[in-house]
Amino acid sequence: MGNFWDPLQRVTRLKRADAGREHTGGTDRLPPGQVLTLKFPVLTFGETPSITPESWRFQVWGLVEEPKDWSWNEFLALGKQTQTCDIHCVTRWSKFDTTWTGVPFKAVIEQLRPKPGADFVLFHSYGGYTTNVPLAQLLRDDVLFAYEYDSQPLPREHGGPMRGLLPHLYLWKSAKWVRGMEFMSQDRPGFWEMYGYHMLGGPWDEQRFS
Ligand SMILES: Nc1nc2c(c(=O)[nH]1)N[C@H]1C(S)=C(S)[C@@H](COP(=O)(O)O)O[C@H]1N2
Ligand SMILES: [Mo]
């Protein structure tokens, strides 16, 4: 048995399950090794933080000319976008046509002046979760800070009030209860990456583990 959420056990088990597996998926819409689900599983390590929009802040620090500390209203005023996209979890479920509203990453980066060489971002969450992504991977129109799912406030278990949403990468890169970004000159592993998850995490190339 053991605890699936023990990080080392989880990674070991997922890697073992991968070895010699007969792969499904691999259509033009379902990445290799994925299975379609109609449910919306919740995957959280540890406690589910309880954050209200009133107390929420979004901070930016590290290699930027001016660090930021936005309130909820200030952050939402940066921009708004609704999109429908597919999402893919490294535990092998994919879900099609999920609809989200949020602040586009591009609207946020417009407010920032990263210093030369600030090529990597570490997302930080309330509760201590972190995940790393190269800045170049974030400069896409479908990268959001999402606060609505299906036209409703984002449910707390899915990261409400605010989460990252990077639909082109495995879902562990989409930090729930996001509270800020750290700009860095070198890639630094986040929580799951320290236990062997991939530094990039692209589902089409099956970048599951490193
Ligand atoms: N803060 C935080 N963000 C997180 C996680 C977490 O445990 N804490 N889990 C990650 C993982 S491993 C996955 S698969 C997705 C799951 O998102 P969901 O629960 O909305 O399906 O959130 C990611 N973001
Ligand atoms: Mo995950």
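The structure contained in this document is the topic of the report that follows.

Quick look at the overall build of the protein
Turning to step 1, where the next piece is worked out: Helix and strand counts for the protein come out as four helices and eleven strands.
Turning to step 2, where the next piece is worked out: Radius of gyration (C-alpha) of the protein: 17 Å, near the 17 Å computed for a compact globule of 210 residues.
Turning to step 3, where the next piece is worked out: Seen through its principal axes, the protein has C-alpha atoms that stretch 50 × 35 × 35 Å.
Turning to step 4, where the next piece is worked out: Within the protein, buried positions represent 51% of all 210 residues.
Turning to step 5, where the next piece is worked out: Contacts in the protein between residues far apart in sequence, at least 24 positions, make up 68% of those at least 6 positions apart.
Turning to step 6, where the next piece is worked out: Entry remark: accessible area of the protein is about 10000 Å², with carbon and sulfur atoms responsible for 51%.
Turning to step 7, where the next piece is worked out: The protein carries 23 positive and 24 negative side-chain charges, and their two centres are separated by 5 Å.

Some thoughts on the packing of aromatic side chains
Centre distance and the angle of the planes are the two values used to describe a pair of aromatic rings.
Turning to step 1, where the next piece is worked out: Per the stated rule, a full pass over the model turns up 25 aromatic pairs.
Turning to step 2, where the next piece is worked out: Centre to centre, the rings of Phe 191 and Trp 192 are 5.0 Å apart; their planes meet at 75°, and the pair counts as edge-to-face.
Turning to step 3, where the next piece is worked out: Judged by its relative accessible area of 15%, Phe 191 falls in the buried class.
Turning to step 4, where the next piece is worked out: In this arrangement the basic side chain of Arg 10 is found over the ring face of Trp 192, its NZ or CZ atom lying 4.4 Å from the centre.
Turning to step 5, where the next piece is worked out: The ring of Phe 96 has Arg 29 sitting right over it, with the charged end atom 4.1 Å from the ring centre.

Considering the pattern of salt bridges
Turning to step 1, where the next piece is worked out: Within this structure, the stated rule accounts for nine salt bridges.
Turning to step 2, where the next piece is worked out: In this structure, Asp 69 and Arg 57 form a salt bridge, with 2.9 Å as the shortest nitrogen-oxygen distance. Here Asp 69, found in strand 3 (residues 68–71), pairs with Arg 57, found in strand 2 (residues 57–62); they are twelve residues apart in sequence, far enough to count as distant.
Turning to step 3, where the next piece is worked out: Overlapping salt bridges, with partners in common, bring together Arg 29, Asp 86 and Asp 97 in one network.

Looking at the nonpolar core
Turning to step 1, where the next piece is worked out: Grouped together as the largest cluster of nonpolar side chains are 42 residues, with contacts concentrated most on Phe 75, Phe 123, Phe 145, Met 181 and Phe 183.
Turning to step 2, where the next piece is worked out: Secondary structure elements with two or more residues in this core: helix 1 (7–18), strand 2, helix 2 (72–76), helix 3 (105–109), strand 6 (120–125), strand 8 (144–149), strand 11 (178–184) and helix 4 (191–194).
Turning to step 3, where the next piece is worked out: When near neighbours in sequence (up to four residues on either side) are disregarded, Phe 75 contacts Trp 56, Phe 58, Trp 70, Val 103, Val 108, Phe 145 and Met 162.
Turning to step 4, where the next piece is worked out: Core analysis: the second largest hydrophobic core is formed by twelve residues, Cys 89, Tyr 149, Leu 165 and Leu 171 among them.

Quick word on helix 1
Turning to step 1, where the next piece is worked out: In a regular helix each residue adds 1.5 Å, so twelve residues correspond to 16 Å; helix 1 covers 16 Å between its end C-alpha atoms and thus fits that length.
Turning to step 2, where the next piece is worked out: The set of residues buried in helix 1 consists of Pro 7, Arg 10, Val 11 and Leu 14. The buried residues of helix 1 occupy an angular sector of 95° when the element is viewed end-on, so they sit on one face. When the buried face of helix 1 is taken as reference, the exposed residues oriented beyond 90 degrees from it are Leu 8 and Arg 16.
Turning to step 3, where the next piece is worked out: Contacts made by the buried residues of helix 1 are with helix 4.

Procedures and definitions
- Residues numbered from 1 in each chain as written.
- Chains lettered and ligands numbered in written order.
- Predicted model: local features only at pLDDT ≥ 70, side-chain atom pairs only at ≥ 80, totals over all residues.
- Heavy atoms only, no water.
- Helix = DSSP H or I, 4+ residues; strand = E, 2+ residues; numbered from the N terminus.
- Rg over C-alpha atoms; globule rule 2.2 N^0.38 Å.
- Buried < 20%, exposed > 50% of the residue type's maximum accessible area, 1.4 Å probe, protein only.
- Contact = heavy atoms within 4.5 Å.
- Areas by Shrake-Rupley, 256 points an atom, 1.4 Å probe, with all protein chains shown as cover.
- Lys, Arg positive; Asp, Glu negative; His and termini not counted.
- Charge placed at Lys NZ, Arg CZ, Asp CG, Glu CD.
- Phe/Tyr/Trp six-rings, centres within 6.5 Å; stacked < 30°, edge-to-face > 60°.
- Lys NZ or Arg CZ within 6 Å of the ring centre and 35° of its normal.
- Salt bridge = Lys/Arg side-chain N within 4 Å of Asp/Glu carboxyl O.
- Core = buried A, V, L, I, M, F, W, Y, C linked by side-chain atoms within 4.5 Å.
- Expected span 1.5 Å × (residues − 1).
- Arc of directions from axis to C-beta.

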